[in-house]
Amino acid sequence: MSHRVEVGPKPHLFDARGERVKKQIHHALPDISINHITCLDIYNIDGDTKEQWCREAFCDPVIQDFAFDRVLEYDFNWYIEIGFKPGVTDNVGHSAAYALELISGEKMEVFFARGFLISADIDRRTAEKIATECLSNTLIQNYRVFSPVESAGIAPYIPKVVDTHIPKISEIDLEIPDDELVSLSQDRTLALTLTEMKAIQTYMRAPDVREKRLSAGLGEKITDVEIEALAQTWSEHCKHKIFNADILYIENGKEERIASLFKTYIKGSTDEIRRSQGEEDICVSIFTDNAGVIRFTDDYHLVFKVETHNSPSALDPYGGALTGIVGVNRDPFGTGLGAKLIFNTDVFCFADPFYSQDLPPKILHPMRIFEGVREGVEHGGNKSGIPTINGSIVFDNRYLGKPLVYCGTAGIMPKTVAGRPSHEKEILPGDKIVMSGGRIGKDGIHGATFSSEEFHEASPTSAVQIGDPITQKKLTDFLLRARDRGLYRAITDNGAGGLSSSIGEMSGMSGGCLIELEKPLLKYAGLNPWEILLSEAQERMSLAVAPENVKEFLLLSDEMGVESTVIGEFTDSGYFHCTYKGETVAFLGMEFMHDGLPRLDLKAVWDDRMVQEDEIPEPADHNAKLKDMLRRLNICSKEYVIRQYDHEVQGGSVVKPLTGAACDGPADAGVVRPLLDMMDGVVVSNGICPRYSDIDAYHMAANALDEALRNYVCTGGDPGHWAALDNFCWCDPVQSPRNPDGAYKLAQLVRANRALYDYTVAFSCPLVSGKDSMKNDYINEGLKISIPPTLLVSAIGRIEDVTKAVTMDVKKPDDIVYLLGITKNELGAGEYLASFGIIGSSIPEVDAKTAFERYKKLHSAIKKGLIASAHDCSDGGLAVALAEKAFAGGLGIEADVAEVKTEGKLTDTQIFYSETASRIIITVRPENAEAVEALFERDISRIGRVTKQRSLILKGTGGIIVESGIEELKAAWKEPLNF
């Protein structure tokens, strides 16, 4: 028996969801006029439920109407219902089923859908266009369209998986011509090159390999389980083949050999910094686990990781981003013996949400991606009970082909757990392999290999995943208790490649493994063994549990409502061994699996494509131009997005993403107090400026690091206790007929890595973790869209006393306004020139020596309580930063640009909008002015004061050239994304 429940807003109440959907449709389909939309929640129930149970579980009678096996009475022209396809994770349905079980004591399935009642003069075809282009993602959702007459007879939609498929193991013949090896890789989405396919072919031909396989019950042909496991293990996503390649770098006719970008520049710089710091070294565990670990206090460590989820978010923005945030949650949680999660960060790169041109096949409208990603991260973070404390959004139409979705999570863990160092793992032969958390399904199959190639029309829909934050919250609560009881020896998450990756990596600690693939719990029957092994279905952790602790571990798991299963054991056999119902389906040598990947040999050629410097355009009206700058998408307020995220949960947020008199100013960094019985805090910030890559990726990387560090120090972070994470997202840097400028893109990557080495060493800031995402391109029928080379740098560290944290907003009238640093003619690739469609060439160049001294002095002044506010100059330069400080504090500023110290003679416009790096605007109480000026000496300009008059007044060489009320400026700043 099945039933259908509708829940909607009472007719006299404002429907906020309906208004939001109406605006989204207007932005995506501006030619369609919508009068009104009402949003409904639909619960399709497979079971013998009662109306009263459903009313109690699903309806708030004060604000909602309820209908059981009938439709609610509203006026509308078309009814659209959107529900998940069979087998797709349905979080609301799961929660609804749990609520019904608590009320009734009965188990039943609930399938959730959303209903949209549309009042508009449109035909059915237009209604279906709205359904497919604005309201649903047909990869994972079904839609139904009804007229008012048709809607009266709507039947419950029960999308059950009916799979009569009988699981099987297939053998694959690799003794085929080279072109067929390439086709095999493409057809199975293996993302392996011909060289890599031939390496597997050679391995399978070896007499000793054949002999061992025969003894294990296998033949000469490789199984589908084995080749799929190798493909994910060797994927760019997992092995970082480009970062570990041998590279011939050519610049101005000079050749240089680079053996691994990672070892030479990333790890190389950190090794050098650690040697120089000696006892001051804060690194605990880096580059060896799921996340980086640094010292925090005498008793606790900090754990931090940032990941990308670009490719899945291009297919399904909501599911991709939700999976991105809950997936990165598991990285610090699976580091060492496990960390308590304390905050999330998110950084997004999108095309213009108001994009109005025709879209290539399979590309979703940027507004849909914007909204889907925003909602996915909102649901993943908020429902996990983790505050979102820092982030940013970058807009550039080159992200049309692939959006970038960076998600980060930090955790805290005691230095010792159950008598062991918390950052160390151990696995002994005989330890049991346990999978805890969610069940395995088809979602996420080929996620690792799909993310290792460009996005194209044939990209697999099976790569889409939807995370379940409620299940994951229960899992993490359980495993923290198990950790503290010492019930497991090692833990890691089931991320890219699923069990193949997690157990494949963990088994290296013992020397082998045996996985029984019929034992993991499945969402539904019919999965082939290779799908069970590779599925990236979410909310799962793999653990090594000593035999004597298995019973207690499973008992605690059951008590806390988490499913845990013993699926095999770790061995010292030297083989990755998988069986299915007693039959061997994979038997790969550990050494070949992890070290048999042929190393790429690549060529990079730097071509100095310096853009001709144009004459700096002068605005006709500086007042109007400043407002125009504040409206630019890369400068304007992101409050609409930030307000969707919970930054207060756990009660430790000190400096939140929005700050100031009305709590709507843009904070430079986040500050969190992770332990509420102490004043020690964590500071987190980020830097990202991909537009500078248009001139030189070297300076792009330097500016990204500097931006992260100056945001960090502006808020009170200690520059003697900081670390950074690097996240590279690049267009394809491998030369090929499809990618004729690959050698140049690789040279850009080399230069960005060089900059990270040079500047992290100069700032004594170790890189402790990171991730790279290559192949961020879209290709289809001669059309190629490549992202700009993009580097996100995230900084994390300590503030000794959170009561000393500083925010960016001005505080009191008569405070003195200072600019720290020298302003140069550096508008190249900046927001001002971009507003005229110009790139320019005078890119900001970071002077690390003077910047580092400035940052250390600023930290000293903050600790002494001398600084009232601090705000970095970045996008848009000085004029924009002054406007932000003024309207965030609700006070005016009078400033004279003639007082700004400059390198050479600059025009007012150049001083206003130059994006010279490392500059900071501070305000200081008059009684502290002498001490601050003495501290900074020649590195400081006294440029103005804070006023009661609520205006920004900027004087130029010819007198006052900007005089605008702060309400006008704030209105312009908030206008573009005020959805």
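Numbers given for residues are sequential positions, taken from 1 along each chain in its written order. Under the rules for a predicted model, residues below a pLDDT of 70 receive no local features and side-chain atom pairs below 80 are neither given nor counted, while totals for whole chains, interfaces and linings still include all residues. As a rule here, side-chain values come from all non-hydrogen atoms in the structure, and water together with hydrogens is ignored.

As for the state of the cysteines
The disulfide criterion used throughout: a pair of cysteine sulfur atoms within 2.5 Å. Following the criterion strictly, the structure yields 0 disulfides and no others. Between Cys59, a free cysteine, and Cys54, which holds the nearest cysteine sulfur, the sulfur-to-sulfur gap is 11 Å.

Comments concerning the side chain of Lys885
We count a stretch as a helix when DSSP gives it H or I for four or more residues in a row; a strand needs E for two or more, and each element gets its number in order from the N terminus. With respect to the element layout, Lys885 can be found in helix α27 (residues 877-889). A distance of 2.7 Å separates polar atoms of two side chains, one belonging to Lys885 and the other to Ser869. Pairs of residues are marked as contacts when any of their non-hydrogen atoms sit within 4.5 Å. Discounting residues that sit within four places of it in the chain, Lys885 has contacts with Met808, Asp809, Val810, Ser869, Ala870, His871, Ile893, Ile921 and Thr923. N or O atoms within 3.5 Å of each other form a polar contact, as long as, within protein, one can give a hydrogen and the other can take it, and as long as residues adjacent in sequence are counted only when both atoms are side-chain atoms.

Examining the packing of helix α1 (residues 16-28) against helix α14 (residues 366-382)
Interaxial angle, 0 to 180 degrees, is taken between N-to-C directions of lines fitted to C-alpha atoms, where a helix line uses only the stretch in contact. Two numbers describe how α1 lies on α14: the axes approach to 9 Å, and their chain directions differ by 150°. Together, Arg20, Gln24 and His27 of α1 and Met367, Glu371, Arg374 and Glu375 of α14 make up the contact between the two elements. Here the residues of the contact of α1 with α14 sort into 1 nonpolar, 2 polar and 4 charged. Polar here means any residue other than Ala, Val, Leu, Ile, Met, Phe, Trp, Tyr, Cys and Pro, which are nonpolar, and Asp, Glu, Lys and Arg, which are charged; Gly is therefore polar.

Some thoughts on the packing of aromatic side chains
By convention, a stacked pair of Phe, Tyr or Trp rings (six-membered ring in the case of Trp) has centres within 6.5 Å and planes under 30 degrees apart, an edge-to-face pair has planes over 60 apart, and any other such pair is tilted. Tallied over the full model, the rule gives 28 aromatic pairs. Centre to centre, the rings of Trp722 and Phe763 are 6.4 Å apart; their planes meet at 85°, and the pair counts as edge-to-face. Taken as a pair, Trp722 in strand β33 (residues 722-729) and Phe763 in helix α24 (residues 742-763) lie far apart in primary sequence, 41 residues in all. For every residue, the accessible area (1.4 Å probe, protein chains only) is compared with the maximum for its type, and the residue is labelled buried under 20%, exposed over 50%, or partly exposed between those bounds. According to the relative accessible area criterion, Trp722 is buried, its value standing at 1%. For Phe763, a relative accessible area of 0% corresponds to the buried category. Aromatic side chains Tyr832 and Tyr913 sit 4.7 Å apart centroid to centroid with 5° between the ring planes, which places their arrangement in the stacked category. With Tyr832 in helix α25 (residues 831-834) and Tyr913 in helix α28 (residues 908-913), this residue pair connects regions lying 81 residues apart in the sequence. Put simply, the rings of Phe348, Phe350, Phe370, Phe395 and Tyr640 touch in pairs and so form one group of aromatic residues. One cation-aromatic arrangement involves Lys625 over Phe836; the distance from NZ or CZ to the ring centre is 4.1 Å. In our convention, an over-ring charge means Lys NZ or Arg CZ found within 6 Å of a ring centre and within 35 degrees of that ring's normal.

Overview of α1
A helix is expected to span 1.5 Å for every residue after the first. With 13 residues, α1 extends 19 Å between its outermost C-alpha atoms, agreeing within 8% with the 18 Å of an ideal straight helix rising 1.5 Å per residue. Among all positions of α1, only Gly18, Val21, Gln24, Ile25 and Ala28 are buried. Angularly, the buried residues of α1 cover 120° about the axis, an arc narrow enough to put them on a single face. On its buried face, α1 sits against β2 (36-46), β5 (109-119), α4 (124-135) and α14. Regarding α1, its N-cap is Asp15, as a side-chain oxygen of that residue lies 3.3 Å from the backbone nitrogen of Arg17 further along. Arc definition: directions from the helix axis to the C-beta atoms.

Considering the sheet that holds strand β27 (residues 601-606)
Between any two strands, at least two bridges found by DSSP are needed for them to pair. Strand order across the open sheet formed by 3 strands is β10-β9-β27, with mixed pairing between neighbours. The sheet terminates laterally at β10 (254-259) and β27, the two strands that pair on one side only. Looking at each pair of strands side by side, their axes are set apart by 20° on average, direction ignored. Note: strand β9 (residues 246-251) against β27, 6 bridges, orientation parallel. Within β27, the residue paired with Leu248 across the bridge is Lys603.

As for helix α19 (residues 550-559)
At 3.6 residues per turn, the α-helix brings residues three or four places apart onto the same side. Within α19, the full set of buried residues consists of Val550, Phe553, Leu556 and Ser557. Down the axis of α19, the buried set is contained in an arc of 135°. They therefore lie on one face. Relative to its buried face, α19 has exposed residues pointing more than 90 degrees away, namely Lys551, Leu555, Asp558 and Glu559. Contacts made by the buried residues of α19 are with β19 (432-437), α16 (469-484), β23 (540-545) and β24 (564-570). Following α19 by one or two positions, Gly561 has its phi on the positive side, about 70°.

Remarks on the nonpolar core
In this text, buried Ala, Val, Leu, Ile, Met, Phe, Trp, Tyr and Cys residues form a nonpolar core when linked through side-chain atoms within 4.5 Å. In terms of nonpolar packing, the biggest core is built from 79 residues, with Phe728, Phe763, Ile867 and Ile922 touching the most fellow members. Top contributing element to this core by residue count: helix α23 (residues 697-714), with 12 residues. Contact partners of Ile867, with chain neighbours within four places excluded, come to Val806, Leu858, Ala861, Ile862, Ile922, Thr923, Val924 and Val932.

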